[in-house]
Amino acid sequence: MALLEVKDLKVRVEEREILHGLTLTVNEGEVHAIMGPNGSGKSTLSHVIAGKPGYEVTDGQILFKGEDLLEMSPDERAAKGVFLAFQYPVEIPGVATMTFLRTALNAQRKARGESEYSTPDFLKKVREVSKSLNIPQDMLKRGVNVGFSGGEKKRNEVLQMALFEPSLCILDEMDSGLDIDALRIAADGVNALRSPKRAMVVITHYQRLLNYIVPDVVHVMSKGRVVKSGGKELALELEASGYAQFEDAA
Amino acid sequence: MNVAVAKTGNGRAVSDLFASAEGRLPGSPDVIAVRREAFETYERLGLPHRRIEEWKYTDLRALVGEVLPLAAAPDAAALKRAAEAVKAHAIEGARKLVLVDGVFAADLSDTKALTAEVGFRTLREALEKDSGLLKTSSTDAVIALNAAMATDGVVLSIANGAQLSAPIQILHIATAASASSFTRSRVAIGKGARATIVESFVSAGAKAYQVNDAVIVTVGDGADVAHIRLMDDAADAANVSSHFVTVGANVKFNFFNMTTGAAVSRLQGFITLAGEGSELSANGVNLLQKTEHGDTTLVVDHAVPNCVSREIFRAVIDDRAHSVFQGRIIVRPDAQKTDGKMMTRALLLSDEAEADNKPELEIFADDVSCGHGATAGALDDSLLFYLKARGLPEKQAQALLIQAFVGEAIEQIADDVLREHVIGIAERWLERRS
Ligand SMILES: Nc1ncnc2c1ncn2[C@@H]1O[C@H](COP(=O)(O)OP(=O)(O)OP(=O)(O)O)[C@@H](O)[C@H]1O
Ligand SMILES: [Mg+2]
């Protein structure tokens, strides 16, 4: 079943059109990779799906589980199961990571009409997940992402993903800034979340990540459109020949 | 009550305030003479207004207009309501001293639980002998008015070396609507003593009342003191409070003020570092909404060498509220090696919110390290979006960021129970946001 349907999406930022009619369908259980040159609109797409303000959708639609996503506030989208692992996670001084995680998880559960986690249950869950991601407990006492290294910030995004158990995970360049070991740990974390009910959209510049998180479909984005889609071999092709051949198509 | 409303700037009407209250004002004939003189000073000056430099941002004539008649002494029904408020606002484990509408309420207080190291009298009792309690070096009109009208207060003297494990909480409870209460307290802390004093201002259902409080604190050498003031008066009340603090040598003095209530308020603190080697940490938070006006004015006077002062002030201003912070650091000519810093930040939650910040350094010594910094701005949209993208609704996301913003000041409170109590008051303010 289609989980995410982006149809002929046109998006402007500050009077300039960035996405020029983008179409993308992601089914439950699938892993999609999106590759494309700098500035082609990959992060813009992920932000519009998550509901970041400042983007004007001038045409097209986004359906999530058949519902109009663009009508929902960002927190409603999160509660419905949309999760974006940010390319550049922000630092939030003064908000302890643990407090943030618990507040966010319980806000989502409340919005879905589920009961809040008790403190011991929550702590147990965080401990399990952070252990598997090699995140030390004392990191969780610090402000959200404050003083985290680039790699630690990315792992913190995967931690949240594992904790919130979203049905759609969008990973925007989760591999940037990760060393080889950290990449494997993070990718293992992502793979552990693969399930027949959950879909992933992996935005990356590098084929290497796709060796760890093997996609079902690879899309090439250029100048605000999906210009080619194919199997995982498409990523290898791109690695060998670059984007030049697609620039014209766009 | 059949008392004429006092008008400012109009001598005849103002006199009624004092004349009609005189029968209720405690004190020996000497004390009454001091009161009369103070009242004459007040009459001459009237309420402070914008042309008085220290009151430039808080024009009491415009904001308050008139001083309301003295509140009647609380009756049984008022005391019953006050008892409920005491229950709701008491700090766990604290020794409570309760003033209801400006009158000490023995039955609601824990005077019997005070240890022998804590000398206690009411102001009323103390004034039978001592008129000095009504005198300060200030020439401020509201302080003169306080000296003239103070009906009661607590007079505490903490013995040298006393190590008080329980905080002393002075609760000011308002039950009378459209009336004024005037209180004055003195806290003398002995050498080497350790004590925590908390002042809480709350309403037991009273509306549109006025509070004028003064506190005189002296801290002996080597003492370690936390002084916390929590002003959460009714949304249409006015509260003007003045602190005079004199700190001895090698003292650790940790002051914290939080304003979460009153339509018009001002805390003016005058802290003199009079002994070498002392460390002052003076911090404050203003949480203001609707059309509230909250003024925190701190004057830190480094009178001697080798003291450190640190001030962290945070204001969160919503709707059409107005926050004022005036921070003056004075370094006297021989106060060498003074280290004084002040950092203020304002968070504006609405386009119509207003923050005035007036830092002043008056430095007369040459070998010092002093500075101040200030910022003002809105909530960071990228942080808000991050939180919302993780499922927090707008208001909750804002609340988390606001708590983080004021956290740096609140964190200066060392005691866990007190800090949680303060955070609880801040959380209730957040819940009141429309
Ligand atoms: N807030 C903004 N204001 C102006 N232009 C913007 C804004 N956000 C994005 N753009 C522009 O939109 C285009 C697409 O940017 P986007 O970040 O989506 O690209 P990307 O494919 O994610 O690139 P990269 O691979 O470098 O991450 C760029 O030309 C960028 O400059
Ligand atoms: Mg990008």
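Rules of the game
- Numbering of residues starts from 1 in every chain and runs along the sequence as written.
- Lettering of chains starts at A and numbering of ligands starts at 1, both following the order in which they are written.
- Note on the predicted model: pLDDT of at least 70 is required for a residue's local features to be given, and 80 or more for side-chain atom pairs to be given and counted; whole-chain, interface and lining totals, by contrast, use all residues.
- Side-chain numbers here rest on the full set of heavy atoms in the structure, without hydrogens or water.
- UniProt positions are given in the numbering used here, feature names are shortened, and annotations may be inferred rather than shown by experiment.
- Secondary structure follows DSSP: runs of H or I at least 4 residues long count as helices, runs of E at least 2 residues long count as strands, and numbering of each begins at the N terminus.
- This radius of gyration counts C-alpha atoms alone. The globule rule is 2.2 Å times how many residues there are, raised to the power 0.38.
- The contact criterion used throughout is that any non-hydrogen atoms of two residues lie within 4.5 Å.
- Areas reported here follow the Shrake-Rupley algorithm with a probe of radius 1.4 Å; residue values treat only the protein chains shown as occluding.
- Positive residues here are Lys and Arg, negative ones are Asp and Glu, while His and the chain termini are left out of the count.
- Here the site of a charge means atom NZ of a Lys, CZ of an Arg, CG of an Asp or CD of a Glu.
- To be near a molecule or strand, a residue needs just one of its heavy atoms within 4 Å of it.
- Counting of polar contacts relies on pairs of N or O atoms within 3.5 Å, with two restrictions inside protein: one atom must be capable of donating a hydrogen and the other of accepting it, and residues adjacent in sequence are counted only when both atoms are side-chain atoms.
- For Na, K and Ca the donor cut-off is 3.2 Å, and for all other metals it is 2.8 Å, counting N, O and S atoms only; because water is absent from this set, sites may look incomplete.
- The buried label applies to any residue whose accessible area, calculated with a 1.4 Å probe on protein chains only, is under 20% of its type's maximum; exposed applies above 50%, and partly exposed to all values in between.
- Under the pairing criterion, centres of Phe, Tyr and Trp rings, with the six-membered ring standing for Trp, must be within 6.5 Å; the plane angle then separates stacked pairs below 30 degrees from edge-to-face pairs above 60, leaving the rest tilted.
- We call a charge positioned above a ring when the Lys NZ or Arg CZ atom is no farther than 6 Å from the ring centre and deviates by at most 35 degrees from the ring normal.
- Once two parts are joined, some of their accessible surface, as seen by a 1.4 Å probe, is lost; buried area is that loss totalled over both.
- Only one rule defines a salt bridge in this text: a Lys or Arg side-chain nitrogen within 4 Å of an Asp or Glu carboxyl oxygen.

Per an unreviewed UniProt entry, chain B carries the name Fe-S cluster assembly protein SufD and comes from Bradyrhizobium zhengyangense. A UniProt comment under Sequence similarities (unreviewed entry) is attached to chain B, and it reads "Belongs to the iron-sulfur cluster assembly SufBD family."

Looking at an unreviewed UniProt entry, one finds chain A named Fe-S cluster assembly ATPase SufC and attributed to Bradyrhizobium zhengyangense. Quoted verbatim from the Function (unreviewed entry) field of UniProt, the annotation for chain A is "Involved in beta-(1-->2)glucan export. Transmembrane domains (TMD) form a pore in the inner membrane and the ATP-binding domain (NBD) is responsible for energy generation."

On to the overall build of chain B, then. Counting secondary structure elements, chain B contains nine helices and 19 strands. Here the C-alpha atoms of chain B give a radius of gyration of 21 Å, agreeing with the 22 Å that 2.2 N^0.38 yields for 434 residues. By principal-axis analysis of the C-alpha atoms, chain B measures approximately 65 × 50 × 45 Å. Looking at chain B alone, contacts between residues at least 24 apart form 84% of all its contacts between residues at least 6 apart. Total accessible area on chain B stands at roughly 16600 Å², and carbon and sulfur atoms take up 49% of it. Measuring between centres, the 45 positive side-chain charges of chain B sit 2 Å from its 57 negative side-chain charges.

Right, let's talk about the site of ligand 1 for a bit. Residue and element names in this part refer to chain A. Taken together, 15 residues lie near ligand 1, and Gly-39, Lys-42, Ser-43, Thr-44 and His-205 sit nearest. Taking Thr-44, its side chain carries an N or O atom lying 2.5 Å from an oxygen atom of ligand 1. Gln-87 is positioned such that a nitrogen or oxygen atom in its side chain is 3.3 Å from an oxygen atom of ligand 1. Burial of ligand 1 by the protein amounts to 67% of the accessible area it has alone, namely 640 Å². Those elements giving two or more residues to the shell around ligand 1 turn out to be β2 (16-27) and α1 (42-50). Looking at which element gives the most residues to the shell around ligand 1, the answer is α1, with three residues.

Our next topic: the coordination of the magnesium ion (ligand 2). All names here are of chain A. Around the magnesium ion (ligand 2), the protein supplies Ser-43 (OG) and Gln-87 (OE1) as donor atoms, at distances of 2.0 to 2.3 Å. Residue Ser-43 is located in helix α1, and its partner Gln-87 is located in the loop between β6 (82-85) and β7 (92-96); the two are separated by 44 residues in the primary sequence. Classification of Gln-87 by relative accessible area gives buried; the value is 15%.

In this section: the packing of aromatic side chains. Under the criterion given, the structure shown has nine aromatic pairs over all chains. Their ring planes at 35° and their centres at 5.3 Å tell us that Phe-86 of chain A and Tyr-386 of chain B sit as a pair that is tilted. Highlighted residues: Phe-86 of chain A in the loop between β6 and β7 and Tyr-386 of chain B in helix α7 (residues 381-389), drawn from two different chains. Take Phe-86 of chain A and Tyr-386 of chain B: they sit in the same class, and that class is buried. Among the aromatic side chains, those forming a connected cluster through ring pairs are Phe-86 and Phe-100 of chain A together with Phe-385 and Tyr-386 of chain B. Seen from the ring of Trp-55 of chain B, Arg-266 of chain B lies directly overhead, with NZ or CZ sitting 3.6 Å from the centre. The side chain of Arg-390 of chain B reaches across the aromatic face of Tyr-386 of chain B, ending 4.9 Å from its centre.

So, about the interface of chain B and chain A. Between chain B and chain A, the contact holds 15 residues from the first and 29 residues from the second. Together, the buried faces of chain B and chain A total about 1700 Å²; carbon and sulfur atoms form 74% of this surface. When the buried area of chain B at its contact with chain A is split by residue, Phe-385, Tyr-386 and Arg-390 of chain B rank highest and sum to 45% of it. On the surface where chain B and chain A come into contact, there are one salt bridge.

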